[in-house]
Amino acid sequence: MHGCGNDYVYIDCRNGVPDNIKDMAVRLSDRHKGVGGDGIILICSSDKADFLMRIFNADGSEGMMCGNGIRCVAKYVFDKGLTDKHHLLIDSLSGVKVIDIDTDARPGDEETWVTVDMGKPEIETLEETIVLPDGSMLTGSIVSMGNPHFVCYSDETPTDDKVLVKGPLAEKHSRFPDRSNIEFARIIGKDEVEMRVWERGSGETMACGTGACATAVAAIAKGLTGRDITVHLRGGDLRIALDDRGHVLMTGPATTVFEGYIQ
């Protein structure tokens, strides 16, 4: 399944998680020798929500939250008849998230629109400059959406040089002891932003839901945009809004690609 091109292998693990799950994540995520994806996402039972989501990146590391992934989890359980509710609670390492599946959605739809209440963001600093190992400098905002982000705004459209070269250097910078997702963004208008992301543990991905949220939060806090923004990602668009409670609401599609079995 994928959300705006951010693709994962989804596995029903309500009856238990395999012992070798980290090795499995690496093998299944391989786009040449496995299924292929930015990682794998496990759908597990929960004693405090409707379901629990666990994320393992393509390098085997466990992630805390995936905004695109949690929309796909909602679609999966809805399509499979594991729930008939349009309003769900899904737990994760970054806490329980409130999910609303579009009221017009029907099980089996190829694409389903889902809104996620991502909660309140945490802004550590709106502008900080780090020096990368190659001697260049990168300025950005440090924002947490339950996972760490470094959002770098520029007047220029994000380039391969920035994303593919500076992204991995910034991800592992000493300023971020647990590594960080790195966003490169440009303001298009008062309600429009374009963004590319170097995702922690996965490299560049077609989209990052939490990254889109962090990018919007930084823009709003800097006064660069309004409180309701469309974020253009390489794989599609996400609608991000900051409500009166200070919660970030993310709306976007979840799409099923195929189902199968692998030994």
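Further up the page is the structure itself.
So, here is what we can say about the structure in this document.

The rules we used
Each chain has its residues counted from 1, running along the sequence as written. Only residues with pLDDT of 70 or above have their local features reported here, since the model is predicted, and side-chain atom pairs are shown and tallied only from 80 upward, although totals for entire chains, interfaces and linings are computed over all residues. Calculation of side-chain values draws on the structure's entire complement of heavy atoms; hydrogens and water are dropped beforehand. Side-chain atoms within 4.5 Å are what join buried Ala, Val, Leu, Ile, Met, Phe, Trp, Tyr and Cys residues into a set we call a nonpolar core. Only protein chains enter the accessibility calculation, which uses a 1.4 Å probe; a residue whose area is less than 20% of its type maximum is buried, one above 50% is exposed, and one in between is partly exposed. Secondary structure elements follow DSSP: runs of H or I no shorter than four residues count as helices, runs of E no shorter than two count as strands, and numbering proceeds from the N terminus. What makes two residues a contact is simply this: any of their non-hydrogen atoms within 4.5 Å. The criterion for a disulfide is a pair of cysteine sulfur atoms lying within 2.5 Å. This arc is taken over the directions from the axis of the helix to the C-beta atoms. By convention in these notes, a salt bridge is any Lys or Arg side-chain nitrogen within 4 Å of a carboxyl oxygen on Asp or Glu.

## A closer look at the nonpolar core
If you look at the biggest cluster of nonpolar residues, it comprises 53 residues, and the most contacted ones within it are Tyr10, Met53, Ile99, Met118, Ile240 and Val248. Of the residues forming this core, the biggest block, eight residues, is contributed by helix H4 (residues 209-221). In this view, Met118 contacts Met65, Gly67, Lys97, Met145, Thr210, Cys213, Val248 and Met250; residues no more than four positions away in its chain are not counted. Within the second largest apolar cluster, twelve residues are counted, among which are Ile130, Phe150, Phe184 and Trp198.

## Considering the state of the cysteines
As enumerated under the stated definition, the model contains zero disulfides in all. No disulfide involves Cys152; its nearest neighbouring cysteine sulfur is the one of Cys208, lying 14 Å away. Overall, the relative accessible area of 5% leaves Cys152 in the buried class. Of the cysteine sulfurs around Cys208, a residue in no disulfide, the closest is that of Cys66, at 6.6 Å. Residue classification places Cys208 among the buried positions, given a relative accessible area of 3%.

## Some thoughts on helix H1 (residues 21-29)
All of the buried residues in H1 are Ile21, Met24, Ala25, Leu28 and Ser29. For H1, the arc enclosing every buried residue in end-on projection is 115°, short of the 170-degree limit, so these residues lie on one face. Taken together, the buried residues of H1 touch strand E3 (9-12), strand E4 (39-44) and strand E5 (51-57).

## Considering unusual backbone geometry
Positive phi, normally seen in glycine, also occurs at Cys4, with a value near 55°. Mapped onto the elements of the fold, Cys4 is located in the loop between strand E1 (2-3) and strand E2 (6-7). Backbone geometry at Arg179 places phi at a positive 65°, although glycine is not the residue there. Relative accessible area serves as the criterion here: at 24%, Arg179 is assigned to the partly exposed category.

## Let's talk about the pattern of salt bridges
Tallied over the full model, the rule gives 20 salt bridges. With a closest N to O distance of 3.6 Å, Lys166 and Asp134 form a salt bridge. Placement of Lys166 in helix H3 (residues 160-171) and of Asp134 in the loop between strand E10 (122-131) and strand E11 (137-144) is noted, with a sequence separation of 32 residues between them. Residue class for Lys166 comes out buried when judged on its relative accessible area of 15%. The partner of Arg196 in a salt bridge is Asp160, and the shortest N-O contact between them spans 2.7 Å. Of this pair, Arg196 sits in strand E14 (residues 192-199) while Asp160 sits in helix H3, placing them 36 residues apart in sequence. Three or more residues joined by partner-sharing salt bridges are found here, namely Asp160, Arg196, Glu204 and Arg234.

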